[in-house]
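Observations on the three-dimensional arrangement
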Amino acid sequence: MPDIQKQNRRRHLVVLLAYAALTLVMTWPVVSRMTTHLAGGRDDLWVHQWNLWWIKKALLQGLNPFFTGYLYAPEGAALTSHNFAWFNIALWLPIQAIAGRNAAYNLVFLIVIALNGFCMYLFAWAVTRSRWGAFVAGLLFAFWPYTLSHYDHTNMMVLFWLPLTLYLLHQLLSDSTAWQSNGCWWLVLGTAVSLAMIGISRWQLLIMSSPILIAYVLYLLFTTGGISKKRTLLELLIVVGLAALVMAPLAAPFIIDQVTRDYPDDVFLDEPQWGRTDLLAYVLPSIHNGLWRNTVANLYENFTVNKFYTPYLGFISLLVAFIGIIRRWKKTWLWLLLALIYLLFALGPELAINGRSYPQIPMPYRLVEEFILLRLLRRPDRLNIFLSLPMAMLVAWGMEVLLSTISSQPRQRIIATGIILLVLIAYLPVPFATTEPQAPEWYSDVAENGEMYTVLDLPLNDRSYDKWYMQYQTVHEKPLATGHVSRLPRETFDFLNSVPLLKDLRQRDQLPDKALTDVTKQLNLLDQAGIRYLVIHKKFANEGLQAVWRDWLTVSPTYEDEQLIVYRTAPRYGQDFSFTYNLGEELGLIAASISPLEAVQSGTINVEVRWGTSARLTEAFDFCLLLLDEAGEALQTSCYSPDPFLPTDSWPANDVLRADYRLHVDDNLAAGPYDLAISLADAHTNTLSGETAVVGKVNVHPYSPSHHTTANWQDEIQLTGFDLHKDDKNLDLVLFWQAQQPVASSYKVFVHVVDSASGEIVAQSDAIPRNWGYKTNDWEAGEIVRDPISLSLDDAPPGSYELRVGLYDESSGQRLLINSEDSARTQEFLVLTSLEW
């Protein structure tokens, strides 16, 4: 017996080394990039890098690992429900001290995959006594496509504790007197620790593996007669009790927080529809397989979660499993039942095939979707992670059947090797995803500064961008105003919601609220909370979003490169901004712009002004907009309060404010060119003082359209007239709109040149008025809006055409109806004129 045990141990060691070698092959090129890249990718990779950094810092500095002040500063964030990979962290900590953080992470990643295969092999061998069958079962379990596609969730890949627990349970319950007769208390203790490690690795794994554990224990109890033995039941109670004790130190903070928090339901992130498995994904070769990923990529377009996490079963695996089911029914019925249960429930509450839903088909998941433990899983698709175990056992029995019919060991090896190669090729994810951890250079410079202050990174998105910011934090080690924490309590957002600039930023598509004019005040709210820098990431903010933020912030960035735009939250005159136009000793214009440059009598001119102060103001000023003729004489003067809520004698030093004003052009102002100027005026006497700044030129047109209409769109907007000029190549149209009342929605103007015979549109314009510059919901009641439009007629052959104009809602696309004698032919557009060329 000792010789057999030694021989088994030697064989097991050889198998372990084989899995280790195959892991290097199946994850190539990870081993060749151990120090420069990280195995895996996607956003969640950075969360796990942050977890490693944070736990190491907490241990070295004696901090509470379940609360951090480095995220969501200044309030901080509870980490009791955060997704910590405790096993990976425990293994990584000593290794990184020797090999460095990147190499340690990759080594742990590879070790986990090899152990997945080896422990599955142990369990399958103990049950089937087929070494080849057990080895193939281990391959399937280790390189299961769904598992390896979770390379962004390292603790979702720590699966070996389940087959190890089953192996130990098999040893314990198959011979219930072994522990007593041989003094094998280690077996009970080992089973308890292994069971506990399933949960410690990731609590969701314990939930998902419970059906397998319970089913196999019941199977052993009934098939071995253990159900009638009190000693056996006592052993199981001891195992469960000890496992609970081992898990308690890490589980208790979550449980205590959950029963004491104000909103315990925040722990649930239900995604039953997005996170369901598409039935087609089970038979569609994995998109991660390097041999055919380009061929099958387009077949994944209709999937949701399975674009990323691929539950491909493999045709060879299915064939071998089918053989096992047919020939070893009494041995395989339990594993077939479990495989069907996991597969059916992973399909979610609504069947989907190639992205198409079939709600009329009742799915079993609907019966249990409100069960609290299942809701903790977030997505039913994740059940595929443990579909691998019953599949592996079915394949193990199938291999046992195949090889038992062959007496020749060389032929057995040939057939087994062939099946192994086919399984590996079917699952081959080479080249395996790797990611180079990088951070913008500015963060390295910040890291050298020993001061502690907070950084606010934009745009905000706690499910995406903020995970990258956490990776950058591992470089600069400054607190972040945002971050990502699994199942974050809503109270954590209290500070962000207290700053109007940041509140509901995601709901505004990351755009600053233009209604906020007090730039410095908003920034000072950040500065007072210890946030020194506002950082805009060009990687996540497109040029349009960058431009909007530059415009709103007004001040100059303190740093900018190809990756970042950095602003100080305490801007200073002479450092972060200066005056383009000096109006007084302490007050000036940082910038000013006007639109339109082509105005009309009875229309409006919009003037955007950015005010700045170099020192605290002690005088109350208004300011005036002037239209100056060529001789410099003011033919129209309109005065305003710079800020109706805060007189200028209350403005502090280094203040920056945004303001938009409307200059109503007098209907009797002579047409012609004018300089638009700004000047200060004493708030009490209205006399001009200080400098007068010319900020632009406008050309005022007479309101004298050559064609008049009475078309009225739903009693909101009237087209009062238009001018039209046409040549062989172009059509120039000027529309004169008038708002009948304040307009609530933004409408687009469409102008179509339509072939009278065929109805085909040969030229068209669809745009916000004034070439996208003046939304209808910004119009004032009664004002005249001049809207020039140019159309190219290059593609229009000679013939008869109609010129049509209308309005439609920018958001819904719904056309507005019109009421006018001019619109007798239709209710959705007005025919301005007929054209011939």
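Predicted model only: the values in this text are computed from it and were never measured.

1. Digging into the state of the cysteines
Counted according to the given criterion, the structure contains one disulfide. Residue Cys-624 pairs covalently with Cys-639 via a disulfide, S to S 2.0 Å. Here Cys-624 and Cys-639 share a disulfide; its torsion about the S-S bond, 90 degrees, makes the bridge right-handed. Taken as a pair, Cys-624 in strand β15 (residues 621–628) and Cys-639 in strand β16 (residues 634–640) lie far apart in primary sequence, 15 residues in all.

2. Digging into the confidence of the model for the protein chain
Per-residue pLDDT for the protein chain has a mean of 91; in total, 97% of the residues score no lower than 70. Per-residue pLDDT stays below 50 along residues 176–181; that stretch engages in 12 contacts with residues further than four places along the chain or on separate chains.

3. Description of the layout of surface pockets
In this model, the largest pocket occupies a volume close to 1400 Å³. Forming the boundary of the largest pocket are 43 residues, of which Asp-513, Lys-514, Ala-515, Arg-658 and Asp-660 lie nearest the centre. Among the secondary structure elements, those contributing two or more residues to the lining of the largest pocket are α21 (519–528), α22 (543–553), β12 (587–595), β14 (604–613) and β17 (656–664). Top element by residues in the lining of the largest pocket is β17. It accounts for seven residues. In terms of residue class, the lining of the largest pocket is made up of 18 nonpolar, nine polar and 16 charged.

4. Digging into the environment of Val-485
By the secondary structure assignment, Val-485 is in the loop between α19 (465–476) and α20 (494–498). The class of Val-485 is buried, set by a relative accessible area of 2%. Residues Val-485 and Asp-462 lie 23 residues apart in sequence; the distance between their C-alpha atoms is 7.8 Å. With residues near it in sequence (within four places) discarded, Val-485 still touches Leu-71, Tyr-72, Ala-77, Ala-78, Leu-79 and His-82.

5. Describing a positive patch on the surface
Taken together, Lys-6, Arg-9, Arg-10 and Arg-11 make up a surface patch of like positive charges. Take Arg-11: it is sitting in helix α1 (residues 2–26).

6. Side note on the sheet that holds strand β28 (residues 830–836)
The strand order across the open sheet built from four strands is β24-β23-β26-β28, with neighbouring strands paired in antiparallel fashion. Only two strands of the sheet have a single partner each, and these edge strands are β24 (761–767) and β28. Strand-to-strand twist of the sheet, defined as the mean angle between neighbouring strand axes without regard to direction, takes the value 15 degrees. Pairing of strand β23 (residues 747–755) with β24, which is carried by six bridges, proceeds in the antiparallel orientation. Each bridged residue has a counterpart across the sheet, and for Val-749 the counterpart in β24 is Ala-767.

7. Remarks on helix α3 (residues 86–99)
An ideal rise of 1.5 Å per residue puts 20 Å on 14 residues; α3 measures up with 19 Å between its terminal C-alpha atoms. The largest bend in α3 comes to about 35 degrees, at Leu-93, with the proline Pro-94 one to four residues further on. Among all positions of α3, only Trp-86, Phe-87, Asn-88, Ile-89, Trp-92, Leu-93, Ile-95 and Gln-96 are buried. Where α3 is buried, its residues meet α2 (44–61), α4 (101–128), α7 (161–174), α9 (185–201) and α11 (230–260). Looking one or two places after α3, you find Gly-100, whose phi comes out positive at around 95 degrees.

8. As for the packing of aromatic side chains
Aromatic rings considered in pairs are described by the distance between their centres and by the relative angle of their planes. Tallied over the entire structure, the rule returns 47 aromatic pairs. Centre to centre, the rings of Trp-144 and Tyr-427 are 6.5 Å apart; their planes meet at 80 degrees, and the pair counts as edge-to-face. Linking Trp-144 in the loop between α5 (131–142) and α6 (145–148) with Tyr-427 in helix α17 (residues 409–427), this pair joins segments that are 283 residues apart in sequence. Note on Tyr-300 and Phe-303: the rings are 5.2 Å apart at their centroids and 75 degrees apart in plane angle, and the pair reads as edge-to-face.

9. Examining a nonpolar patch on the surface
On the surface, Trp-329, Trp-333, Leu-337 and Ile-341 cluster together into a nonpolar patch covering about 390 Å² of accessible area. One can find Trp-329 in helix α14 (residues 329–346).

10. Here we look at the packing of helix α13 (residues 315–327) against helix α16 (residues 384–404)
It is the contact of α13 with α16, at a shortest axis distance of 7 Å, that shows an interaxial angle of 70 degrees. For the element pair α13 / α16, the angle class is roughly perpendicular. Touching Ser-317, Leu-318, Val-320, Ala-321, Ile-323, Gly-324, Ile-325 and Arg-327 of α13 are Met-391, Leu-394, Val-395, Trp-397, Gly-398, Met-399, Val-401 and Leu-402, all from α16. Considered class by class, the residues forming the contact of α13 with α16 number 12 nonpolar, three polar and one charged.

11. Observations regarding the sheet that holds strand β27 (residues 818–819)
With antiparallel pairing, five strands are arranged side by side in an open sheet as β25-β22-β21-β20-β27. Of all the strands in the sheet, the pair left with one neighbour each is β25 (784–792) and β27. Relative to β27, strand β20 (residues 707–713) is paired through two bridges, and the arrangement is antiparallel. Within β27, the residue paired with Asn-712 across the bridge is Asn-819.

12. Examining the pattern of salt bridges
Summed over all chains, the structure comprises 20 salt bridges. Salt-bridge contacts for Lys-538 lead to Glu-560; the nearest nitrogen and oxygen are separated by 3.0 Å. Taken together, the residues Lys-538 in the loop between β8 (531–537) and α22 and Glu-560 in strand β9 (residues 559–560) connect sequence positions 22 residues apart. Taking the relative accessible area as the measure of exposure, Glu-560 reaches 36% and is therefore partly exposed. A salt bridge links Arg-815 to Glu-828, with the shortest nitrogen-to-oxygen separation between them at 3.7 Å. Placement of Arg-815 in the loop between β26 (800–809) and β27 and of Glu-828 in the loop between β27 and β28 is noted, with a sequence separation of 13 residues between them.

Rules used throughout
- Residues numbered from 1 in each chain as written.
- Predicted model: local features only at pLDDT ≥ 70, side-chain atom pairs only at ≥ 80, totals over all residues.
- Heavy atoms only, no water.
- Disulfide = S-S within 2.5 Å.
- Helix = DSSP H or I, 4+ residues; strand = E, 2+ residues; numbered from the N terminus.
- pLDDT = per-residue confidence, 0-100.
- Contact = heavy atoms within 4.5 Å.
- 1 Å grid on protein atoms, 1.4 Å probe; cavity = no way out; pocket = protein on both sides within 12 Å on 5 of 7 lines; lining within 4 Å.
- Points joined across faces, edges and corners; volume = space filled by probe spheres on them.
- Nonpolar A, V, L, I, M, F, W, Y, C, P; charged D, E, K, R; others polar.
- Buried < 20%, exposed > 50% of the residue type's maximum accessible area, 1.4 Å probe, protein only.
- Patch = residues over 30% accessible without salt bridge, like charges linked within 9 Å, V, L, I, M, F, W, Y side chains within 5 Å.
- Areas by Shrake-Rupley, 256 points an atom, 1.4 Å probe, with all protein chains shown as cover.
- Salt bridge = Lys/Arg side-chain N within 4 Å of Asp/Glu carboxyl O.
- Lys, Arg positive; Asp, Glu negative; His and termini not counted.
- Charge placed at Lys NZ, Arg CZ, Asp CG, Glu CD.
- Pairing = 2+ DSSP bridges.
- Axes fitted to C-alpha atoms, helices over the stretch in contact; angles between N-to-C directions.
- Expected span 1.5 Å × (residues − 1).
- Bend = angle between axes of the 7 residues up to and from the residue.
- Phe/Tyr/Trp six-rings, centres within 6.5 Å; stacked < 30°, edge-to-face > 60°.
- Parallel < 35°, antiparallel > 145°, perpendicular 65-115°, else oblique.

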